Amino acid sequence: MNAQAARQEQAWADRLADQAVQALLDEVALSPKPALVDQRGSGAHRDLNLGLMQASAWSLWPGFQAMAQAAQAEGQVTPGLRECIGQLGREAEAEMLRVTDGVNTHRGAIWALGLLVTAAAIAPDLCEAKAVAYRAAALARLPDRQLPAQSTSHGQRVMQRYGVRGARGEAQAGFPSVVLNGLPQLRASRRAGAIETNARLDALLAIMATLEDTCVLHRAGLDGMLCMQQGARAVLESGGSASLLGRQHLRALDQTLVALNASPGGAADLLAATLFLDALESDAQRLYGRDC
Ligand SMILES: CC(C)(COP(=O)(O)OP(=O)(O)OC[C@H]1O[C@@H](n2cnc3c(N)ncnc32)[C@H](O)[C@@H]1O)[C@@H](O)C(=O)NCCC(=O)NCCS
Ligand SMILES: Nc1ncnc2c1ncn2[C@@H]1O[C@H](COP(=O)(O)OP(=O)(O)OP(=O)(O)O)[C@@H](O)[C@H]1O
C-alpha cells in the first residue's frame with residue numbers, strides 16, 4: 001500500500017470511531033426520551049447520569065478505532081476477524097467499567113456499534129445501511145471461540161424466561177429494528193418537515209414499538225415491555241413527537257415507564273446504531289458523490 005492509501009485508511013478508521021462516539025453522544029443528549037438518561041435527568045436509572053454516559057462514550061473511541069483497523073487489515077468477514085473484535089469489544093467494555101466505576105453504561109452499544117464499525121471499515125465504498133448491517137450480521141453469526149465462560153447476564157436470564165433473542169439475535173438478523181424501523185422513520189419524519197430532534201425521537205419510538213428489549217423485560221417483565229411497545233405506537237399513531245397529541249402521549253409514556261422502572265436501554269442503543277448508519281450514508285454520498 002502506498003503512503004497516500006495508508007493515510008486514507010487511517011483517516012477512515014478515525015472517522016468511523018468519531019461517528020460511533022458521536023452517535024452515542026447524540027443518543028444520550030436527545031430529550032425528552034421515555035425513562036432514559038437525557039438532558040432532563042436520569043429517567044428510570046439510579047446509577048446513570050448524563051455526565052457518566054458522556055464520559056463512557058468518549059472512553060470507547062480507541063476501541064472503535066482498533067476494531068476499524070482490524071477490519072481493514074483483514075479486508076473481509078472471517079472467523080479470525082470475529083474473534084479479534086470480540087477481544088477488542090471485551091477490552092472496550094473493561095475500559096468503560098473503569099471509567100464508570102463499574103456501572104454498565106454502554107454494554108449493548110459496544111456490541112451493536114462495534115459490529116457496525118467493523119462492517120463499515122471492511123468496505124468503505126459499500127456503506128449503504130442495509131449492506132453494512134448485512135455484513136455486521138454475518139460477523140455476529142460467527143462463533144467466538146475465545147469468549148470466556150461468563151456469569152449469567154440479565155439478558156440471558158430473560159431470554160430463557162421469555163424466549164426472546166435479545167441483543168445477539170437482533171445483530172444476527174441484520175439489525176431489523178434499525179433497518180426496517182429506526183432509519184425509515186427517521187427519514188420519513190424529516191421528509192414530513194419535523195426538526196431533527198423530533199425525527200430522532202420518532203425513530204426511537206419506532207424502534208420501541210416492536211423491540212423485545214431485554215433491559216425492559218429484566219426490569220419490568222412482559223407487562224412492562226407491552227406497555228413500552230403500545231405506548232410508543234400510540235405516540236406515532238397520534239402524529240409523532242412533533243404533534244401536540246403525540247407529545248401528550250409521549251409525556252404519559254415517560255411517566256408510565258419511569259413508574260414501572262422500565263428503561264428501554266436496548267432501544268437507546270439501536271437509536272445510536274440508526275444515527276451511526278444514517279451519518280455513514282451521508283458521508284459516503286459526500287465522499288463518493290453517489291447515492292448509497
Ligand atoms: C451480546 C452482548 C450484548 C451480551 O448480551 P446479553 O444479552 O447476554 O447481556 P446483557 O443483558 O448484559 O446486555 C444486553 C444489552 O443489549 C441491549 N439490548 C437489550 N435488548 C436488546 C435488543 N432486543 N436488541 C438489541 N440490543 C438490546 C441493552 O443495552 C442491554 O443492556 C455483549 O455484551 C457480548 O456478549 N459481547 C461479547 C463481546 C463481543 O463479541 N464483541 C464483539 C463485537 S464488539
Ligand atoms: N440514554 C440512555 N439511558 C439509559 N440507558 C441507556 C441509554 N442509552 C443506552 N442505554 C443502555 O441501557 C443499558 C443500561 O441498562 P441497565 O441499567 O438495565 O443495565 P444493567 O447494568 O444490565 O442493569 P442494572 O443497572 O439493573 O443492574 C446500557 O447497557 C446502555 O447500553
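Residues numbered from 1 in each chain as written. Chains lettered and ligands numbered in written order. Predicted model: local features only at pLDDT ≥ 70, side-chain atom pairs only at ≥ 80, totals over all residues.

Chemist: Before we go on, may I ask you to explain the nonpolar core in this structure?
Modeler: Among soluble globular proteins, nonpolar side chains are generally buried collectively. Ranked by internal contacts, the top residues of the largest apolar core, which has 92 residues, are Leu113, Leu116 and Ala136. No other element matches helix 5 (residues 107-122), which puts 12 residues into this core. Those residues in contact with Ala136 that sit more than four places away from it in its chain are Leu115, Leu116, Ala119, Ala171 and Phe175. (Core = buried A, V, L, I, M, F, W, Y, C linked by C-beta atoms within 7 Å. Buried ≥ 20, exposed ≤ 12 C-beta atoms within 10 Å, placed from the backbone. Helix = DSSP H or I, 4+ residues; strand = E, 2+ residues; numbered from the N terminus. Contact = placed C-beta atoms within 7 Å.)

Chemist: Explain the site of ligand 1 to me, please; I cannot follow it from the model alone.
Modeler: What surrounds ligand 1 is a group of 28 residues, the closest being Gly89, Gly108, Gly114, Gly155 and Gly266. Where the shell around ligand 1 is concerned, the elements lending two or more residues are helix 4 (79-99), helix 5, helix 7 (154-162), helix 8 (166-172), helix 11 (214-237) and helix 13 (265-288). A total of 6 residues in the shell around ligand 1 trace back to one element, the largest contributor, which is helix 5. Residues that form the shell around ligand 1 fall into these classes: 8 nonpolar, 12 polar and 8 charged. (Near = placed C-beta within 6 Å. Nonpolar A, V, L, I, M, F, W, Y, C, P; charged D, E, K, R; others polar.)

Chemist: Hey, could you run me through the site of ligand 2 in this one?
Modeler: In the vicinity of ligand 2, 22 residues are found, and the nearest of them are Leu36, Val37, Asn104, Gly265 and Ala268. Elements represented by at least two residues in the shell around ligand 2 include exactly helix 1 (3-29), helix 5, helix 11 and helix 13. Across the shell around ligand 2, the residue classes break down as 8 nonpolar, 9 polar and 5 charged.

Chemist: What is the right way to look at helix 2 (residues 50-59) in this model?
Modeler: Each α-helix winds once per 3.6 residues, and so residues spaced three or four apart point in a common direction. Considered for burial, the residues of helix 2 that qualify are Met53, Ser56 and Ala57. The arc enclosing the buried residues of helix 2, seen along the axis, measures out at 100°, which places them on a common side. Turned more than 90 degrees off the buried face of helix 2, the exposed positions are Gly51 and Trp58. (Arc of directions from axis to C-beta.)

Chemist: What should I look at first to understand the environment of Leu180 in this one?
Modeler: In this fold, Leu180 is placed in helix 9 (residues 176-191). The exposure class assigned to Leu180 is partly exposed, which follows from the 16 C-beta atoms found within 10 Å. Considered as a pair, Leu180 and Ala206 are 26 residues apart in the sequence and their alpha carbons are 9.3 Å apart.

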